[in-house]
Amino acid sequence: MLSSSRKPANTIENLICTAERIATGEWRSIVVTCRTGRREQLEPDVTQPTLVETALPNLDVVRLAGRLGAEIRNVRLSGDLPDATITAINQLLLKHKVIFFRDQGHLDDGEQERFAVRLGNLVPHPTVGATKGTSSILELDSNRGGGRADQWHTDVTFVDAYPKFSVLRGVVIPEFGGDTIWSNTAAAYEHLPATLKRLAEELWAVHSNAYDYAAVRSRATEADRKHFEEVFTGTIYETEHPVVRVHPETGERTLVLGNFVQRFVGHSKADGQKLLELFQSHITSPENTVRWRWQAGDVAIWDNRATQHYAVNDYGDQHRIVRRATVDGDVPVSVDGRRSVTRTKATKPTAVKAA
Ligand SMILES: [Fe+2]
């Protein structure tokens, strides 16, 4: 697929390849740097179809916002899709960060998981567990405690190897309201001024599921509070993540923050709050976001390593149920090669375990 007008003189063993923005099947370029320092830019052969075009010939990709989000049309999700199609979906996911599929009403929990497992190993929520009879399905029901995720977050960052993908299916959708917003944490990093990039690269943050619930969740009901106390924090985790991680598949640098952040390593709580607000304001700026208006049967899949999301809680007493399958991730690595570490994992003696 790649061609070059000039061949690098050195053998491949003497080359270090630096992929620049090759997150998708649409290779823009690859830069090869020789040990001598000479650089070669290899351009894609645009006469050849990309892997995505080959695997999904009828594919229709409709971009929804400038920096992330695309609706993928003419694909029926299932566990029986060919490997090439799964690879293509993975590539689209890496490129667009969050992808949407309408009209997937044929999926039930089992088929949702049969599809999701094609993207990687499924993993249950570490404290809530999985819906009975499933490997990883987490039901978010607005009528039950913990069903409204109206805070900016990346899923499950209170553990070290938090999930890489989430696959969310709309089951019961309000007539109006209940949208979800995603933000692109790679673009948020990329658009920071150089001084803030350097600051972020040096910072580490402590993420925990045992955050100050009353302070953060002012709209929570008594059922929400009870779910938080007895289930969500049944085991308390504290994990240190670099504020900037290197994405293991794209090489992009992404910000790892959100509402599970408790403090910054080596900084006071007060300074940490200001740091969090500073970087979160960049992550959630409208230019970095895309918003999805749900219909029952929709599926949204996001790269949890490169996004945050927020479930808009504006639908009052209307009923909303979505179900999430979660794909296992790997331990984040900082720009200087250090890995995230879980410092605390403590079970509450009074906790009531989820079914
Ligand atoms: Fe979430």
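**Things to note about the overall build of the protein**
Assigned secondary structure in the protein consists of 8 helices and 20 strands. Sorting the 355 residues of the protein into buried and exposed places 53% on the buried side. The long-range fraction of contacts in the protein, counting pairs at least 24 apart against all pairs at least 6 apart in sequence, stands at 80%.

**Examining the pattern of salt bridges**
Pairing between side chains of opposite charge can happen when the charged atoms of each approach one another. Per the stated rule, a full pass over the model turns up 21 salt bridges. Measuring nitrogen to oxygen at the nearest pair gives 3.3 Å for the salt bridge that ties R293 to D179. Highlighted residues: R293 in the loop between β16 (289–292) and β17 (299–303) and D179 in the loop between β9 (165–172) and β10 (180–184), separated in sequence by 114 residues. Between D330 and R245 there is a salt bridge; the shortest N-O distance is 3.2 Å. Of this pair, D330 sits in the loop between β19 (321–327) and β20 (341–347) while R245 sits in strand β13 (residues 244–246), and the two are 85 residues apart along the sequence. Since its relative accessible area comes to 32%, D330 is described here as partly exposed. Assessed through its relative accessible area of 1%, R245 is described here as buried. Among the charged side chains, a network of salt bridges with common partners joins D109, E139, R144, R169 and R323.

**What to know about the coordination of the iron ion**
When a metal holds four donors in a tetrahedron, each ideal angle between them is 109.5 degrees; when it holds six in an octahedron, the ideal angles are 90 or 180 degrees. Protein-derived ligands of the iron ion are H153 (NE2), D155 (OD) and H309 (NE2), with the metal-ligand distances lying across 2.1 Å. Assessed through its relative accessible area of 2%, D155 is described here as buried. Relative accessible area serves as the criterion here: at 7%, H309 is assigned to the buried category.

**As for unusual backbone geometry**
The residue D103 is not glycine, and still its phi comes out positive at about 60°. Residue position: D103 is located in the loop between β7 (98–101) and α3 (109–116). Here D103 falls in the exposed class, since its relative accessible area comes to 65%.

**A word on the sheet that holds β10**
Spatial ordering of the open sheet is given by β16-β10-β18, a layout of 3 strands whose pairing is antiparallel. Of all the strands in the sheet, just β16 and β18 (307–311) have a single pairing partner and so form its edges. Put simply, the sheet's adjacent strands are angled 20° from each other on average, direction ignored. Pairing between β10 and β18: 5 bridges, direction antiparallel. Within β18, the position partnered with W182 by the bridge is H309.

Conventions we followed
Along each chain, residues carry numbers from 1 onward, in the same order as the chain's sequence is written. Given that this is a predicted model, residues contribute local features only at a pLDDT of at least 70 and side-chain atom pairs are listed and counted only at 80 or more, while totals for whole chains, interfaces and linings are drawn from all residues. The side-chain values count all of the structure's non-hydrogen atoms but skip hydrogen atoms and water molecules. Each helix is a run of H or I in the DSSP string that is no shorter than four residues. Each strand is a run of E no shorter than two, and both are numbered from the N terminus. Burial classes: relative accessible area under 20% of the type maximum marks a residue as buried, over 50% as exposed, and values in between as partly exposed (1.4 Å probe, protein chains only). The contact rule is simple, with two residues in contact once any of their heavy atoms fall within 4.5 Å. In what follows, salt bridge is the name for a side-chain nitrogen of Lys or Arg lying within 4 Å of a carboxyl oxygen of Asp or Glu. With water excluded from the atoms, a metal site may look incomplete; its donors are any N, O or S atoms within 2.8 Å, or within 3.2 Å for Na, K and Ca. The pairing criterion for strands is at least two bridges between them, as found by DSSP. Structural elements are reduced to axes, namely lines fitted to C-alpha atoms, with helices fitted over the stretch in contact, and the angle between N-to-C directions of any two is expressed from 0 to 180 degrees.

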